[in-house]
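Overview (structure and organization)
Each chain, letter by letter, is given below.
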Amino acid sequence: MSDLLFAYWVPNVSGGLVVSKLPQKTDWSFEANKRYAQIAEEVGFDYALLQTRFFASYGADKQLEAITLATALGAVTKNLKLIAAVLPGLWHPAVYAKMLSTLDHVTKGRAAVNVVSGWLKDEFTAYGEEWIDHDKRYERSEEFIRVLRAMFTEEPANFSGDYYSIHDAPMKPKPEANVPIFQGGNSQAAKEMASRVSDFYFMNGNTLEGFEKQINIVKELAEKEGREVKFAVNGFAIVRDTEEEAVQLLRDIISHKDDDAVEGFRQAVKEAGQSTKQKEGMWANSTKEDLVQYNDGFKTGLIGTPEQVSDRIIELKKIGVDLVLTGHFHYEEDLRRFGEEVIPLVKQKEKELKEAGVFS
């Protein structure tokens, strides 16, 4: 079993990672994100995930585009891997493959991609794109990934599908390294897609039992495809000297929630969660308090002292998690604290458990 990997959400949209009016020292600008990225790689983070957003939602009325910002951050970092999120339907996959290859060359092999099937209808219809139903969005995303892989490995590349076709399409240079492909989604369609084409399956915040159920389903599906998939979880980290301090900050964030923005987000994601046959899509069972962190990050339980949070992360590893993705409140200081106080504890616990034979 490989050592756990750590990623952080890049706050490339305004408002930080929580929909709250509680003052937070987090900025969406390039200069701020340059500082955050350099701190993150200094203190041991492996990846940074840049979210894709074009329209205001959950109060985020300013957005920097993901792959262009990833390339800029790649030029001012040395080791941090950059995961650029992308919305199929707004990009052609062959064009995006060229963009990813460019990112990979700028960063000398540090490019990655998160293929997001989309839940915000306005982002498609306002740009003149058809809004297709839930399962068809995952079908399109799967084709998007298949085109990416063809462009990365074939010369020239060919693909014919229901949504995309390429014919003897050249692409030089190819990426310097394998470009990991991430994908999220709670629905059965998302799980099946992950089992067929993705390298990492991202999961919204959840309980240990909820994560384990998802992991087991995707593992079983992937085995039938003759594949292995790695698993990544989202969590909002609040690390303080005492559990009481951490819990109090959580209470304060929720009590100061931006009610209008949270309600607007809840209405926007209804279609994502409830339109699936199993009623298990993203946010299907999220309360308004959960949605204050818009990927259910509070549920994961990364709230407490460094010791408590590291113990929780080890529990995640025990059920099969490979990567932990964290959001933070005061980005500059909280990223540093997590890297300096939590990541080393996790690595020490991993080492001890390996020596005890718990992890092979």
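Quick caveat, the model's predicted, so the values are computed rather than measured. (Residues numbered from 1 in each chain as written. Predicted model: local features only at pLDDT ≥ 70, side-chain atom pairs only at ≥ 80, totals over all residues. Heavy atoms only, no water.)

Moving on, we come to the overall build of the protein chain. Helix and strand counts for the protein chain stand at 11 helices and 12 strands. For the protein chain, whose C-alpha radius of gyration is 19 Å, the value lies close to the compact-globule estimate of 21 Å for 360 residues. With respect to the three principal axes, the spread of C-alpha positions in the protein chain is 60 × 50 × 40 Å. Every one of the 360 residues in the protein chain was classed for burial, and the buried ones make up 57%. If you take every contact in the protein chain between residues at least 6 apart in sequence, the share linking residues at least 24 apart comes to 74%. In the structure as shown, the protein chain presents an accessible area of about 14700 Å², 48% of it carried by carbon and sulfur atoms. (Helix = DSSP H or I, 4+ residues; strand = E, 2+ residues; numbered from the N terminus. Rg over C-alpha atoms; globule rule 2.2 N^0.38 Å. Buried < 20%, exposed > 50% of the residue type's maximum accessible area, 1.4 Å probe, protein only. Contact = heavy atoms within 4.5 Å. Areas by Shrake-Rupley, 256 points an atom, 1.4 Å probe, with all protein chains shown as cover.)

In this section: the packing of aromatic side chains. All chains considered together, the criterion is met by 16 aromatic pairs. With 5.5 Å between their ring centres and 70° between their planes, Phe55 and Tyr127 make a pair best called edge-to-face. With Phe55 in the loop between β2 (47-50) and α2 (66-75) and Tyr127 in the loop between α4 (121-125) and α5 (134-153), the pair connects residues that are 72 residues apart, well separated along the chain. Its relative accessible area of 25% is what places Phe55 among the partly exposed residues. Assessed through its relative accessible area of 45%, Tyr127 is described here as partly exposed. Ring geometry for Phe236 and Phe298: centres 5.6 Å apart, planes at 90°, overall edge-to-face. Placement of Phe236 in strand β9 (residues 230-236) and of Phe298 in the loop between α9 (259-274) and β11 (303-304) is noted, with a sequence separation of 62 residues between them. Each residue in the set Phe6, Tyr8, Tyr36, Phe45, Tyr331 and Phe338 is aromatic and connected to the rest through ring pairs, giving one cluster. Lying across the ring of Tyr47, Lys81 places its NZ or CZ 5.6 Å from the centre. The cationic tip of Lys317 hangs over the ring face of Phe359; the distance from NZ or CZ to the ring centre is 4.6 Å. (Phe/Tyr/Trp six-rings, centres within 6.5 Å; stacked < 30°, edge-to-face > 60°. Lys NZ or Arg CZ within 6 Å of the ring centre and 35° of its normal.)

With the rule as written, the count across this model stands at 19 salt bridges. Notably, a salt bridge pairs Asp61 with Lys62, separated by 3.9 Å at the nearest N-O pair. Overall, Lys62 belongs to the partly exposed group, its relative accessible area being 38%. Across the pair Lys299 and Asp296 runs a salt bridge whose closest N-O atoms are separated by 3.7 Å. Residue class for Asp296 comes out buried when judged on its relative accessible area of 3%. Connected through salt bridges with shared partners, the residues Glu42, Arg336 and Glu340 form a single ionic network. (Salt bridge = Lys/Arg side-chain N within 4 Å of Asp/Glu carboxyl O.)

What follows concerns the packing of helix α3 (residues 93-106) against α5. Helix-helix packing is described using two parameters, namely the angle between the two axes and the distance between the axes. It is the contact of α3 with α5, at a shortest axis distance of 9 Å, that shows an interaxial angle of 50°. By the criterion of interaxial angle, the relationship of α3 to α5 is oblique. Handedness of the crossing formed by α3 with α5: right-handed. In contact with Pro93, Ala94, Tyr96, Ala97 and Leu100 of α3, α5 contributes Phe144, Val147, Leu148, Met151 and Phe152. Residues belonging to the contact of α3 with α5 are distributed by class as follows: 10 nonpolar, no polar and no charged. (Axes fitted to C-alpha atoms, helices over the stretch in contact; angles between N-to-C directions. Parallel < 35°, antiparallel > 145°, perpendicular 65-115°, else oblique. Left-handed = near helix turned anticlockwise from the far one by under 90°. Nonpolar A, V, L, I, M, F, W, Y, C, P; charged D, E, K, R; others polar.)

Where helix α1 (residues 30-42) meets helix α11 (residues 331-355), the closest approach of the two axes is 9 Å, and the angle between their N-to-C directions is 10°. The orientation of α1 relative to α11 falls into the category roughly parallel. Mapping the contact onto sequence places Arg35, Tyr36, Ile39 and Glu42 in α1 and Tyr331, Glu332, Leu335 and Arg336 in α11. Of the residues in the contact of α1 with α11, the class split is four nonpolar, no polar and four charged.

Put simply, side chains in a regular strand alternate between the two faces of the sheet. With five of five residues buried, strand β12 (residues 323-327) is to be regarded as a mostly interior element. Of the pairings in the sheet, the one linking strand β1 (residues 5-10) to β12 comprises four bridges and is parallel in character. Bridged to Leu5 within β12 is Leu323. (Pairing = 2+ DSSP bridges.)

Around the barrel, eight strands lie side by side as β1-β2-β3-β4-β7-β8-β9-β12; this closed barrel has parallel pairing. Between one strand and the next, the sheet's axes are offset by a mean angle of 25°, whatever the strand orientation. Docked against the sheet, α2 engages β1, β2 and β3 (81-86), running at close to 170° with respect to β3.

Purely geometric stuff here, so don't read any function into it on its own.
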